[in-house]
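# Coordinate analysis (summary)
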Amino acid sequence: MRIRFTKMQGAGNDFVVLDETQGQLGLNTAQYRWLADRHFGVGADQILSVRPSPAPGIDFEYVIHNADGAEVEQCGNGARCFARFVHDRGLSEKPSIRVQTLGGVIEPRITLDGRVTVDMGAPIFDLVRVPFDAEGLTPLDQGNAHGAWQTWPVSVDGVPVNLAVLSMGNPHAVQIVADVDAAPVREQGPRIEQHARFPRRVNAGFMQVVARDRVKLRVWERGAGETLACGTGACAAVVAGIRLGLLEARVDVHTRGGVLTIEWSEGRPVLMTGPATTVFHGEIDVPEVSDASHPDLVHSRA
Ligand SMILES: N[C@H](CCC[C@H](N)C(=O)O)C(=O)O
C-alpha cells in the first residue's frame, strides 16, 4: 500500500505523521512497527494519525502508536507537531484546536514565536488510573508546603528506587537523580518500563534538579526506548518536582533534544511549550506485513 507521510520532530522526539482526514489507512500493528523502524521503514519514535472527530466541540482525533506498534493514550511532543501539521496543511483556521486522544482532550495552539503551547490537561494522581499496583509497599511521605504527597520505593533488580508515580493520560514513573548523564537510563529504564507493578507498562523519567526553575531530564519511553525528549515525561517530572517542593510553577526542562517549558500549579492543567518542526514529506510502499507473517520484525533502535 503506497502512503504519503510527513516526518516531524519536537525537541528531537520524532514522528511519522499520517493525514487520515479523508479516510483511515487501516494499518495494523506490524505495519506501524515497520513504519517506525529505523532500518526497514521511515524511522520514528511514534506514528501519529490525524483524523476528523464526530464529537461536538472537538476538532480532531489524534491517534498515537509507539514504535513497538502499540496504541497509547498521549504524546506531548507529538501534540505540538500535530498542531503544526494541521496548521500548515490548512486543515483548520482556528488559532487553537481541541483534540481528542485516548488519554483525554488536549488543546494545542501555535504561539507568536512559532513554538506551540499545549494545554495537556490535569495530571492524574489516582494510582488505580495510572495504573500502579502499590500492594504491600510502604510509601515515603514527602509532606511539604505544597501538602502531603507520597513516593514509592519500588524494588528494581532488588534495589529500592524511589518513584513518583502519576499519569498525564499515559503512565509515568519519575525519579530524582544527581546527574542525568550518569543515570542508568538504558539499564534501569527497561526494568522500570516493564515492572510488574505497572500493568500497562510505564515511561521511566530520570530528573536532575538544577534550580527551582530548571531541570535536566532523560526518559526511557514505554514502547520506544530512550528518546531525545518526552513531552508528557517533562510534564510528569515537573508536576512531581513541584509536589515534592523542589520546583516553582514554571520550569525549563532541558532534554537531550531541546528545551520544553512546563507550567503547573495545583488544580490547574499542565501547559507545555516547545518546538515543532517539519523535517520532510515522503511516500512509501508499506508491505502487507502482519504479526503472524513477520513476528521477528525486530524493532531495531540505533
Ligand atoms: N511512550 C509514550 C507515548 C509517547 C510519549 C512521548 N513521546 C511524549 O512526547 O509525550 C507512552 O507509551 O506513554
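Along each chain, residue indices are assigned from 1 in the same order as the chain's sequence is written. Given that this is a predicted model, residues contribute local features only at a pLDDT of at least 70 and side-chain atom pairs are listed and counted only at 80 or more, while totals for whole chains, interfaces and linings are drawn from all residues. By convention in this description, side-chain values take in all heavy atoms of the structure and omit both hydrogens and water.

Looking now at the pairing of strand 10 (residues 150-156). Strand pairing is assigned whenever DSSP identifies at least 2 bridges connecting the two strands. Here a strand is any run of E in DSSP of at least two residues, a helix any run of H or I of at least four, and the numbering for each starts at the N terminus. The sheet contact formed by strand 9 (residues 140-141) and strand 10 spans two bridges and is antiparallel. Considered in strand 10, the bridge of D141 is made with Q150. Summarising the sheet, strand 10 and strand 11 (residues 159-167) pair through five bridges and their orientation is antiparallel. The residue of strand 11 that forms the bridge with V156 is V159. Between strand 10 and strand 11, which follow one another and run antiparallel, lie two residues, and D157 among them has a positive phi close to 55 degrees.

We define a salt bridge as a contact between a side-chain nitrogen of Lys or Arg and a carboxyl oxygen of Asp or Glu at a distance within 4 Å. Applying the stated criterion across every chain, the model contains 23 salt bridges. Across the pair R201 and D68 runs a salt bridge, and its minimum N-O distance is 2.9 Å. Of this pair, R201 sits in the loop between helix 3 (185-193) and strand 13 (203-211) while D68 sits in the loop between strand 4 (60-66) and strand 5 (71-72), and the two are 133 residues apart along the sequence. A salt bridge links E193 to R201, with the shortest nitrogen-to-oxygen separation between them at 3.1 Å. Working definition: with a 1.4 Å probe on protein chains only, accessible area under 20% of the residue-type maximum means buried, over 50% means exposed, and in between means partly exposed. The exposure class assigned to E193 is buried, which follows from its relative accessible area of 5%.

Throughout this document, a residue counts as near a molecule or strand when at least one of its heavy atoms sits within 4 Å of that molecule or strand. Residues in contact with the ligand amount to 15 residues; listed here are only the nearest, N13, G76, E221, R222 and T232. The side chain of E221 places a nitrogen or oxygen atom 2.7 Å from a nitrogen atom of the ligand. Applying the majority rule of atoms within 2 Å of the grid points places the ligand in the largest cavity. Residue ranges for the domains trace back to a domain assignment, done automatically or taken from a database. Mapping the shell around the ligand onto the domain boundaries places at least three of its residues in each of domain 1 (2-119 + 277-285) and domain 2 (127-268). Two N or O atoms form a polar contact when they lie within 3.5 Å of each other; inside protein one atom must be a possible hydrogen donor and the other a possible acceptor, and for residues adjacent in sequence the pair counts only when both atoms belong to side chains. Using protein atoms alone on a 1 Å grid, points that fit a 1.4 Å probe yet trap it form a cavity, whereas open point sets bounded by protein on both sides within 12 Å along at least five of seven lines form a pocket; residues with an atom within 4 Å of a point count as lining. The rule for placing a molecule in a cavity or pocket is simple: more than half of its atoms must lie within 2 Å of the grid points.

This next bit is on helix 4 (residues 231-243). Taking 1.5 Å of rise per residue, 13 residues should cover 18 Å, and helix 4 covers 18 Å from first to last C-alpha, within 8% of that figure. Among the 13 residues of helix 4, 13 are classified as buried, and the element is accordingly described as predominantly covered. Where helix 4 terminates, the next one or two residues include G245, which has phi positive at roughly 75 degrees. Here the expected length of a helix is defined as 1.5 Å per residue gap, with one fewer gap than residues.

Moving on, we come to the state of the cysteines. Two cysteine sulfur atoms form a disulfide, by the criterion used here, when they sit within 2.5 Å. Enumeration according to the criterion identifies zero disulfides in this entry. Among the cysteines around C230, which has no disulfide bond, C75 carries the closest sulfur, lying 7.3 Å off.

Turning to the layout of surface pockets, a few remarks are in order. Grid points are joined across faces, edges and corners, and a volume is the space filled by probe spheres set on the points. Here the largest pocket is characterised by a volume of approximately 260 Å³. Around the largest pocket sit 16 residues that line it, and I3, R4, F5, D19 and R89 are the ones nearest its centre. Only strand 1 (2-10), strand 2 (13-19) and strand 19 (277-285) provide two or more residues apiece to the lining of the largest pocket. The leading source of residues in the lining of the largest pocket is strand 1, at five residues. When residue character is reported, Ala, Val, Leu, Ile, Met, Phe, Trp, Tyr, Cys and Pro are called nonpolar, Asp, Glu, Lys and Arg charged, and the others, Gly included, polar. For the lining of the largest pocket, the per-class residue count stands at five nonpolar, five polar and six charged.

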